[in-house]
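Working through the structure, step by step
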Amino acid sequence: MQKVTTGAEDRISELIERIGYHNDRYHVHDDPEIPDAEFDELVRELRELETANPELIRPDSPTQTVGADPSTLFAPVEHRMPMMSLDNAFDREELNAWADRARRRLAAEDLGDLVCELKFDGLAVSLRYVNRKLEQAATRGNGRVGEDITANILTISSIPHRLPGNAPDVLEVRGEVYMPLSAFEELNAEQDRAGKARYANPRNTAAGSLRQKDPTITATRGLSIWCYSVGEVQGGPALDTHSATLELLDTLGLPVNPETATVGSLDKAWEFVVRSESKRHGLPYEIDGAVIKVNRLDLQEELGATSRAPRWAVAYKLPPEEKTTKLLDIHVSIGGKGKATPFAALEPVFVGGSTVAMATLHNEDQVREKDVRPGDTVVVRKAGDVIPEVLGPVLADRPDGLPVWEFPEVCPCPHQQPLTRQEGDAAHYCRFPRCPEQLRGWIEHFAARNALDIEHLGEQRVRLFIDLGFISDVGDIYSLPYDRIRELEGFGELSVANLAAAIEASKQQSLARLLVGLNIRHLGDTTCELLAEAFGSLERIMGASVEELAEVDGIGPIIAESVYEFFLSEVNQEIIQKLPKELLEASSSDAEAEVEALPQTLEGMTIVVTGGVEGYTRDGVGAAIKARGGKAPGSVSSKTTALVVGENPGASKLEKAEKLGIPILDEAQFQRLIETGELP
């Protein structure tokens, strides 16, 4: 066996951590920080290292897993059959290699017919129909567990709520929810009319629209779906090909893309890919590639799957488009964690299906390596059709004497504090905790849905409160001068009351959400949950050593060091001391001790909640049930003891509870149940 080098092992660990972080940004937050092409290169490098060192392949490697863990915003849904990802091909050679591997595994000369489909740029979902009624919808999540988005899916007009009588008894349909370009353009036109920021792209906007807590917002976004496969099926006609499966879905009224084609050879499949690329900007929706599948289901079964992807299908990713334009200037923006990111101000150019006026340059090394200078003609690529990127200059067009751009030594904010770069780090950071741009980003992050979930504290209000001196750090959110805010233009009594109520409700959030809100560098939502579960209290996390933090499964040395340094900072300690007692006590108490301290009135009971319950956050009501010995799943079943119905409840849970004869409680009855353990 070839000896493994320490460098390979360290690099694999680093890549797993970095790819996991970017997976989380893409799949959970719908807010990618790097282009698809750059992400694909990270995955390629990891796969090559693992191929050379197979003994270093870890079960948690992105090459062995799917997507990212679902967020805590929605109830979890366990997929009965895994929702897998697809392996990628980026050129004809890689497509041929996929087909060769499949033929060798089948010991056959021919794969038979192939089904060619467009690869849509949206959000993968599962629709589960039972007795022809749409019972549940979920996101893909990590392939095993997704998010329950039933209420939001029911608002999409192209998705039937009931199927005709010839449908199977149980039918799980997989598809991609997307935003048509016409809906995206209209949504941005509304943003323009309202003087609000435009949405970046249809994919992220579709994903964000589908994850709205309020389904009425989803209903206004014009979302649609293309259905492309099935999961669990019970009953119905016998099917022996994938194309027959698509025909069945079509006859049942489920949207199947008309561009789909069945071909007899890989050469014909390649022609489909070429046609797809030529028409990509003539379609009324965005695509980022094509998918090739073996048609016969018996061959699919024989080919099987790896831990993350079927061997009988491959996704061909279309190359990003490139255009040239003038680089007008290079600026630096400061993010919520102080990261200084250079970006290019461009002469507007149409590329990748939209007009681009700005593009990322990532960091100082990238600018130096590409040697782009203000005044250059540059090549712009809209990589992955998500984030525009400057590839490099057209040297033949460079004016004589054009000076090299130098990375600024100080932050562009009024305080002009130094930008620092640690050894081994690609990025510069502003470490000044009072940096207005850094502060703005941190406060918006702290108030976000996945963190403290403070409604009515959006970007414009954050900027205003900072400018007026009401907020100098996130701790000041809890001591806002409401009397002075009422005197400001645009702030009525109701708006101030709503803001105050949202801030008050945030005091009951969980330890994991507080960690998310603290915006610790390298720490994502999933790793926040891991830390919260491992230590149980903020006090214990703050007192942990780097070694103790790194011992937590899923927390590597980079994250551990970052967490330790964050809490070592005197400035951050002062900010934490400003946080309200209720929030710190709720987050710092030992979970097991708290359970033992409360009367176990709900022991043995399974309580499902639908809608908002007064006095509780979404997470808080589940925590209250669990703290009293009960279970709080996200869906109704025959094992459910009672369904609690709050404000704006979901129709599906209520209907199922009524059908099963499960007791239905209002908020007052729920409170009595918690106190006494007795059902009405």
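Here the structure is a predicted model, which is why all the values come from computation and not from measurement.

What follows is about the packing of aromatic side chains. Taken as a whole and assessed by the stated rule, the structure comprises twelve aromatic pairs. Ring geometry for Trp442 and Phe566: centres 6.4 Å apart, planes at 75 degrees, overall edge-to-face. Taken as a pair, Trp442 in helix α12 (residues 436-446) and Phe566 in helix α20 (residues 557-568) lie far apart in primary sequence, 124 residues in all. Across this residue pair, the class does not change: Trp442 and Phe566 are buried. Put simply, the rings of Phe120, Tyr178, Trp226 and Tyr285 touch in pairs and so form one group of aromatic residues.

For the rest of this paragraph, the subject is the pairing of strand β11 (residues 313-317). For a regular strand, side chains alternate in direction, first toward one face of the sheet and then toward the other. For β11, the tally of buried residues reaches five of five residues, placing the bulk of the element in the interior. The alternating pattern of β11 places Ala313, Ala315 and Lys317 and Val314 and Tyr316 on opposite faces, both of which are buried. Sheet topology places strand β2 (residues 88-89) next to β11; two bridges connect them, and they run parallel. By the bridge assignment for β11, Asn88 is matched with Ala315. Where strand β10 (residues 287-294) meets β11, five bridges bridge the pair, whose relative direction is antiparallel. Note that in β11 the partner of Ile292 across the bridge is Val314.

Secondary-structure assignment places Glu50 in helix α2 (residues 36-52). Distance from Glu50 to Ile12, taken between C-alpha atoms, is 7.7 Å for residues 38 residues apart in sequence.

As a further point, take the sheet that holds strand β8 (residues 224-234). Reading across from one edge, β5-β4-β7-β8 is the order of the four strands in this open sheet, with antiparallel pairing throughout. In this open sheet, the two strands that pair with only one neighbour each are β5 (133-139) and β8. For this sheet, the mean angle separating the axes of adjacent strands, direction not counted, is 25 degrees. Bridging between strand β4 (residues 123-130) and strand β7 (residues 170-178) involves eight bridges; their strand directions are antiparallel. By the bridge assignment, Leu123 is partnered in β7 with Val177.

Between α20 and helix α21 (residues 570-578), whose axes approach to 5 Å, the crossing angle comes to 70 degrees. As the angle between them shows, α20 and α21 are arranged roughly perpendicular. On α21, the residues that touch Phe566, Phe567 and Leu568 of α20 are Glu570, Asn572, Gln573 and Ile576. Of the residues contributing to the contact of α20 with α21, the split by class is four nonpolar, two polar and one charged.

This part covers the pattern of salt bridges. What the rule picks out here adds up to 33 salt bridges. Here Arg80 makes a salt bridge to Glu232, at a shortest N to O gap of 3.8 Å. Taken together, the positions of Arg80 in the loop between β1 (76-78) and β2 and Glu232 in strand β8 put the pair 152 residues apart, joining distant regions of the chain. The exposure class assigned to Arg80 is exposed, which follows from its relative accessible area of 51%.

What follows concerns helix α6 (residues 202-210). Along α6, nine of the nine residues are buried, which leaves the element largely enclosed by surrounding structure. Burial in α6 covers these residues: Pro202, Arg203, Asn204, Thr205, Ala206, Ala207, Gly208, Ser209 and Leu210.

One open sheet accounts for five strands, arranged β2-β11-β10-β3-β9; its pairing is mixed. Looking at which strands have only one partner, the edges of the open sheet turn out to be β2 and β9 (261-263). Pairing analysis gives three bridges linking strand β3 (residues 114-120) to β9, with the strands arranged antiparallel. Following the sheet pairing, Cys116 is matched in β9 by Ala261. Of the strands in this sheet, β2, β3, β10 and β11 touch helix α3 (residues 92-106), which is tilted by about 180 degrees from β11. Strand contacts of helix α9 (residues 266-279): β3, β9, β10 and β11, with the helix running at about 20 degrees to β3, the strand carrying the most contacts.

The rules we used
- Residues numbered from 1 in each chain as written.
- Predicted model: local features only at pLDDT ≥ 70, side-chain atom pairs only at ≥ 80, totals over all residues.
- Heavy atoms only, no water.
- Phe/Tyr/Trp six-rings, centres within 6.5 Å; stacked < 30°, edge-to-face > 60°.
- Helix = DSSP H or I, 4+ residues; strand = E, 2+ residues; numbered from the N terminus.
- Buried < 20%, exposed > 50% of the residue type's maximum accessible area, 1.4 Å probe, protein only.
- Pairing = 2+ DSSP bridges.
- Axes fitted to C-alpha atoms, helices over the stretch in contact; angles between N-to-C directions.
- Parallel < 35°, antiparallel > 145°, perpendicular 65-115°, else oblique.
- Contact = heavy atoms within 4.5 Å.
- Nonpolar A, V, L, I, M, F, W, Y, C, P; charged D, E, K, R; others polar.
- Salt bridge = Lys/Arg side-chain N within 4 Å of Asp/Glu carboxyl O.

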